[in-house]
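# Fold and contact review
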Amino acid sequence: MNALFLIVLNFYLGYNYKVEGSDTMEEINLGELFHYYISKMFIIILFVFLGLGLSVFYSAIIQKPLYSSYTTILLKDSGNNAMLLKTYGELIKSKNILNKVNSNLGLNYKADDLKGMINVESLNSTEIIKITVNNSNPEDAAKLANEIASVFNSEIGNYYSNVKSSMVVDKAEVSSSPFNVNLMKQIVIGAFIGGVIGVVFVFIKFYFDTTVKSSEEVESKLNLPVIGIIPLVGGRK
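The following refers to the structure shown. Note that this is a predicted model, so its numbers are computed, not measured. (Residues numbered from 1 in each chain as written. Predicted model: local features only at pLDDT ≥ 70, side-chain atom pairs only at ≥ 80, totals over all residues. Heavy atoms only, no water.)

### Remarks on the side chain of Lys 93
Summarising the element assignment, Lys 93 is placed in the loop between α4 (82-92) and α5 (95-105). Of the side chains bearing the opposite charge, Glu 90 lies closest to the buried Lys 93, which forms no salt bridge; the N-O distance is 4.2 Å. Excluding anything up to four places from it in sequence, Lys 93 contacts Leu 98, Lys 115, Ile 118 and Val 120. (Helix = DSSP H or I, 4+ residues; strand = E, 2+ residues; numbered from the N terminus. Buried < 20%, exposed > 50% of the residue type's maximum accessible area, 1.4 Å probe, protein only. Lys, Arg positive; Asp, Glu negative; His and termini not counted. Salt bridge = Lys/Arg side-chain N within 4 Å of Asp/Glu carboxyl O. Contact = heavy atoms within 4.5 Å.)

This is how it looks when you write it as structure tokens:
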């Protein structure tokens, strides 16, 4: 608490901080910088709202919402072999399986595009395989997951005779909300990034501002007395 108080006090009283350049030593008055930030707060707020607006625009217009549905199947007597379960995952994503899924559902997805939508994993090193499908259409995601499981169940015996049977444990359901869109989180991130850019912008503006703002600044920087000041009258010099 005491350290924080001293930092704020240094800012307010105008503690000088020296920034080393290649050939010169530039002096930044932290008090002036603090008051400059206060006077330019509207710029920072403007950047915050700009970041907020861009994040909303991105979420609503640009970002493509994706929906996820999954089904699980139990492979009986598969031996719980990790390598074998990994092979099953590749079979599920094979063109032979996926082309039959497309044909059965009357869809026109390319096999490679379907493969990119599918994720296959073994649940906790068991004989249960989870098939997840991500798609921009929530109904297609559920239909694809269920049909992939159905086709795989009918085809697995053709590849492995030791797998006596397989069954669906959980059928895929239609998801009601996209998994990749979190509007509130994206708004917060956008506003934060906008605020950071605003702070940096104001600092750069302050750093390269060479105008003289007061008679005290003339005396401190030039070591010359001020003999007169022309006041502003009616907004003009």
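Having seen the structure, we can now continue with the description.
### Concerning the environment of Leu 50
For Leu 50, the position within the fold is in helix α3 (residues 41-62). Leu 50 sits 145 residues away from Gly 195 along the chain, and the two C-alpha atoms are 9.1 Å apart.

### Examining the pairing of strand β4 (residues 118-122)
As defined by bridge partners, β4 adjoins strand β5 (residues 128-135) across 5 bridges and the pair is classed as antiparallel. Directly across from Asn 119, in β5, lies its bridge partner Thr 132. In textbook terms, the turn of a hairpin is the stretch between consecutive antiparallel strands, and for β4 and β5 this stretch comprises 5 residues, one of which, Asn 124, has a positive phi near 50°. (Pairing = 2+ DSSP bridges.)

### Details of the packing of aromatic side chains
Using the criterion set out here, one finds 5 aromatic pairs in the structure. Summarising the aromatic geometry, the rings of Tyr 36 and Phe 206 are spaced 5.1 Å apart at their centres and angled 55° between planes, so their arrangement reads as tilted. Of the two residues, Tyr 36 sits in helix α2 (residues 30-39) while Phe 206 sits in helix α8 (residues 183-207), which places them 170 residues apart along the sequence. Each member of the pair, Tyr 36 as well as Phe 206, is classed as buried. When the ring of Tyr 88 is compared with that of Phe 152, the centres are 6.2 Å apart and the planes differ by 65°; the resulting orientation is edge-to-face. Residue Tyr 88 is found in helix α4, and its partner Phe 152 is found in helix α7 (residues 138-159); the two are separated by 64 residues along the sequence. A single burial state applies to Tyr 88 and to Phe 152, both of which are buried. By way of ring pairs, the aromatic residues Phe 203, Tyr 207 and Phe 208 are connected into one cluster. The ring of Tyr 70 has Lys 130 lying over it, and the distance from NZ or CZ to the ring centre is 4.5 Å. (Phe/Tyr/Trp six-rings, centres within 6.5 Å; stacked < 30°, edge-to-face > 60°. Lys NZ or Arg CZ within 6 Å of the ring centre and 35° of its normal.)

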